[in-house]
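Coordinate analysis (summary)
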Amino acid sequence: MDPFYLALSLFRRRKYDKCIDVCTSILEKQSLDQAVWCLKMRAMTQRIYVDDIESEEIPENDFLEDNAVATAPRPGTSMKTSQPPKTGALGSRPRTATGRPISGVSRPGTQNRPGTALDRLRTARPVTGQSARAIRLGTAAMLSQKEGPFIQVSRLNLAKYAKKSRTYLFYHEGDVRNAMELAVQATQYCDFKDWWWKVQLAKCYVALNLIREAEQQLRSVLKQHYHVESFIRLTRIYIRLDQPLSAMEICKSGVEVFPKDVSIMTELARLTEALNDTSTSVKYYRTIVIEDAMNTEAIACIGMYHFYNHQPELALRYYRRVLAMGAHSVELYNNLGLCCLYSQQLDLTYPCFQRALELATDPLVRAEVWYNLSHLAIAAGDMELAIRCLTLSISLDKTHASAYNNLAVLHHKTGNANLVKAYLTSAKELEPDLVEPQINLGLLQTAE
Amino acid sequence: MFANGQHKNYNPDPTKNKEAESIPEPAPFEKFNWLIHLQHVRGETDACKELIRKELDRCYGKHEYALHKQGIILREEGNLQESIASFQKCLKLNAGNAENFKEMGKSLYEMRRFRLSLEAYLEAERVSPSPDWKIYYHLGECLLQLGETERAKDYAQKAVKLSKHEMCFTLLVKILVSEGDFHSAIAVCNSGMEACPDSVNMLTESGLLFLKMGQNQQAFERLSSALALKPAHVKALLGVGCITQMHEEHDVALSKYKLAIHYDPDSAALWNNIGMCFYSKQKYIAAISCLKRALWVSPLNWKTLFNLALAHLATLQAASAFNFACATVNLRPDVADCFALLASCLMELQDPENAVKALRRAMELAPGDVVYIVNAAVCCEAAGFDHEAVQMLNKLKEFAENGTTCTQEVTDLADNLASRLEQKFHSDQQADNGVQEASQRQKREGDVATPRDKDAAVVAETERELEPDEV
């Protein structure tokens, strides 16, 4: 068989490693074969290609971030000052430590919690906004090569090569600067008419934290050609600039062009959720589920909406659907357990939490599970057990402010007064924005 | 002071030396006192501070009024320590001014240094030329914080005698209620209302006191007049709703609660009472969802748990009811009703032996309750302890002879059971129409455990549900 044909076939069957081997052996014999060279490059790119549209991490509360347009935005026009929910303890969801409503799925940026060890490690992270994953991918690729880099990038005359090599650069070498140079050349070569190059250029700009330039590129892309990716990237840029309303506008125009497109709708739903408009968000998620019945994010978010809307039975149905789809994680079992608890199915509650504890390896997650187990104990009126659960939770996660608060309340109820104040003050120190410890401290002082 | 001093070569003849020289009158310290006060009460704090600074410079820091005002402004800004320092300077200048001691006491009170604050006010009382109700009021407050209720009461009474201010009455009522002396508290409330007839808080407070004493009519009047003054007063709405609910006008009560919940959606007491309204209207599903909301807000509220168990019993979900009953028993092992409810659940779950145990415990806690006795008799019979059942019935007879009032239902049930037992002993055979009997028993038990309405909305600690919802 012709080795090149074999290589192509391997590439199609997504056996990139073998394809690369075959290509290398061909290139050893005839080192100037452009087709093989190109194929090898693509295979190497594909091998480590990730859909980086989801991996972009938006740094929250970054003091070096000066991209936000307004420093004191009006209420409702920014993520930070979005309208607070109307009702208090009943209608609202718990919030993350940074004040955003907790969400149904884990996405980049939803899980940050200041003060944890994880965060302290991250302080040395580059602020360029290029995801850490991209960097790691780059280094991994370099390591895996035995005989040095495949292409000596610096020696190339960039103007000569076309788009394939650009992806190679961006993903494989992790060398954004050269990739951008190439993209600039290519755009000029195509007389500023090729939208693909402009998107790539915008990507490079975003990686280099040049947000405004990226916005310009994407705007001109949208004038030339409608593509889902460009809509989403532009939305992301506006979210980074803390302009959720413009982001929403872009999404809505995107939905007009591509009606019922799942990824744009997801973007819309996430945006409305971040702006505390849960009912609209759930409406979007419902349309997503009609389009794509296997969309885990949408199902989980709807489930959570029902849970905090005091309909645990409905939430249970959604989470069971997720379980039936093959998801198998701590959080899912934990949520199932909570739904069972609040819908009076105690016989299922314990097994669910047991599974969750078995699966949990991360101490932070284990802490959350124990925290929820304390609620199970409270529902049974067993204060001793509840106190033990909360103590376990704290021993796993020293920064769990809610656990400290609840522990204080339980000690107060059992008459162990001398510990109460200490727990409440530590809760307040850990999360100064949390309302409950403050109210409780006030109550304690007036009762003294 | 050197003004108006006599000249050395004093000439009594005024015409001769008229234009000789005029000794300028030195500007008095008090020159700008009016302006300082005006700027302070207008809220022009910055200008006021500037003026005080200038005045203090002019008078070499010996200006008492300026220092006094500076202390007040500093306290308003939250700099308690500095304000106390300022008042101390005042006291060095003039140790006989009660006002300075009073302000210092206030600052110390805000710093929660009650003992020191008390001393400052005692000093003020000593210095003060005439009795001052404010001093007495604050002394009362300090002593209350320090836990010396008896002395606090004396001072509060003095304050009430001297003035007709609402806050004095409120303090006295608070002290009396903490002592459990509701009669005098109501008397104080009444005189307080004469002094300030349009005080919503006083009206509500007295209404709730009447409610606690069981004088529903007066309570209703007071609360209604409070609502006439302020239609959205949540506490008063809760009280009025509670009274109407007791009179079984559930729709009226519901309308009141609905209004109140609009203003205070986080009140566990309101949700609990709404739930019990629905329960009495036999809308059990609505009742359960409202009660669950109450439970969500305060998970350790045994009354809500109790009511939830009742609601679940009414919907024939005995297992869930049992869970809630267990939780109430865990939270309040000193309340007989909880055990009675647990026994009902156990009977529904066909476990008469344990039901008997629960009822025995209930009878230990409340020995004189005929309902528990008759229920225990029924349970014993169902569990097969026939002799104990007979004992129970005899006990019941004793109570009835001693004058304990039994409802018609109780006596009917007792008679029924007695005849059944007799029949049983006669024919020695098991009667198997026990199912019907059991259902009747349950109904009555439901009546005994009447909905508990809380009459004071005390939202204690709210807890937060937090969970990692990541899939």
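Since this is a predicted model, take the numbers as computed values, not measurements. (Residues numbered from 1 in each chain as written. Chains lettered and ligands numbered in written order. Predicted model: local features only at pLDDT ≥ 70, side-chain atom pairs only at ≥ 80, totals over all residues. Heavy atoms only, no water.)

What about the confidence of the model for chain B?
Residues at a pLDDT of 70 or more form 86% of chain B, whose mean pLDDT is 79. This model gives residues 429-471 of chain B a pLDDT under 50, and the stretch forms 129 contacts once residues within four places in sequence are excluded. (pLDDT = per-residue confidence, 0-100. Contact = heavy atoms within 4.5 Å.)

Some remarks on the packing of aromatic side chains
Each aromatic ring pair is summarised here by two numbers: the centre-to-centre distance and the angle between the ring planes. Scanning the entire structure with this criterion turns up 13 aromatic pairs over all chains. Look at Phe307(A) and Trp296(B): their rings are 6.2 Å apart centre to centre, the planes differ by 70 degrees, and that puts the pair in the edge-to-face class. Linking Phe307(A) in helix α14 (residues 296-308) with Trp296(B) in helix α16 (residues 284-297), this pair reaches from one chain into another. By way of ring pairs, the aromatic residues Phe307(A), Tyr308(A), Tyr342(A) and Trp296(B) are connected into one cluster. We note Arg293(B) situated over the ring of Trp271(B); from NZ or CZ to the ring centre the distance is 5.1 Å. (Phe/Tyr/Trp six-rings, centres within 6.5 Å; stacked < 30°, edge-to-face > 60°. Helix = DSSP H or I, 4+ residues; strand = E, 2+ residues; numbered from the N terminus. Lys NZ or Arg CZ within 6 Å of the ring centre and 35° of its normal.)

Remarks on the nonpolar core
If you look at the biggest cluster of nonpolar residues, it comprises 140 residues, and the most contacted ones within it are Leu410(A), Tyr257(B), Ile274(B) and Leu396(B). Counting only domains with at least three residues in this core, you end up with domain 1 (28-129) and domain 2 (334-457) of chain B. Once residues within four sequence positions are removed from consideration, Leu396(B) is found in contact with Val370(B), Ile373(B), Val374(B), Val410(B) and Ala414(B). With 41 residues, the next largest nonpolar core counts Leu201(A), Leu218(A), Ile250(A) and Leu275(A) among its residues. (Core = buried A, V, L, I, M, F, W, Y, C linked by side-chain atoms within 4.5 Å. Buried < 20%, exposed > 50% of the residue type's maximum accessible area, 1.4 Å probe, protein only. Domains from an automatic or database assignment.)

Looking at the UniProt feature "repeat: TPR" (unreviewed entry) in chain B
In the numbering adopted here, UniProt assigns the feature "repeat: TPR" (unreviewed entry) to residues 64-97, 133-166, 200-233, 268-301 and 336-369 of chain B. When the span residues 268-301 of chain B is considered, its composition is 79% helix and 0% strand, and the gap between its end C-alpha atoms is 8 Å. (UniProt positions renumbered as here; feature names shortened; annotations may be inferred.)

Thoughts on the side chain of Ser393(A)
Residues and elements named next belong to chain A. Within the secondary structure layout, Ser393 lies in helix α19 (residues 383-396). On the accessibility criterion, Ser393 (0% relative accessible area) is buried. Aside from chain neighbours lying at most four places away, what touches Ser393 is Ala367, Trp370, Tyr371, His400 and Ala403.

Topic: the packing of helix α9 (residues 211-224) of chain A against helix α10 (residues 228-240) of chain A
All names here are of chain A. One way to put it is that α9 packs onto α10 with a least axis distance of 10 Å and a crossing angle of 150 degrees. Considering their axes alone, α9 and α10 lie roughly antiparallel with respect to each other. The two elements α9 and α10 cross, and the hand of that crossing is left-handed. Only Ser230, Phe231, Arg233, Leu234, Ile237, Tyr238 and Arg240 of α10 make contact with α9, whose side of the interface consists of Ile211, Ala214, Glu215, Leu218, Arg219, Val221 and Leu222. For the contact of α9 with α10, a count of residues per class yields nine nonpolar, one polar and four charged. (Axes fitted to C-alpha atoms, helices over the stretch in contact; angles between N-to-C directions. Parallel < 35°, antiparallel > 145°, perpendicular 65-115°, else oblique. Left-handed = near helix turned anticlockwise from the far one by under 90°. Nonpolar A, V, L, I, M, F, W, Y, C, P; charged D, E, K, R; others polar.)

Examining the pattern of salt bridges
Two side chains of opposite charge can pair, provided their charged atoms sit close to one another. Residue and element names in this part refer to chain B. Applying the stated criterion to the full structure yields 20 salt bridges over all chains. A salt bridge links Lys281 to Asp251; its shortest N-O distance comes to 2.7 Å. Placement of Lys281 in the loop between α15 (268-280) and α16 and of Asp251 in helix α14 (residues 250-263) is noted, with a sequence separation of 30 residues between them. Within this structure, Glu50, Arg53 and Asp57 form a network of salt bridges that share partners. (Salt bridge = Lys/Arg side-chain N within 4 Å of Asp/Glu carboxyl O.)

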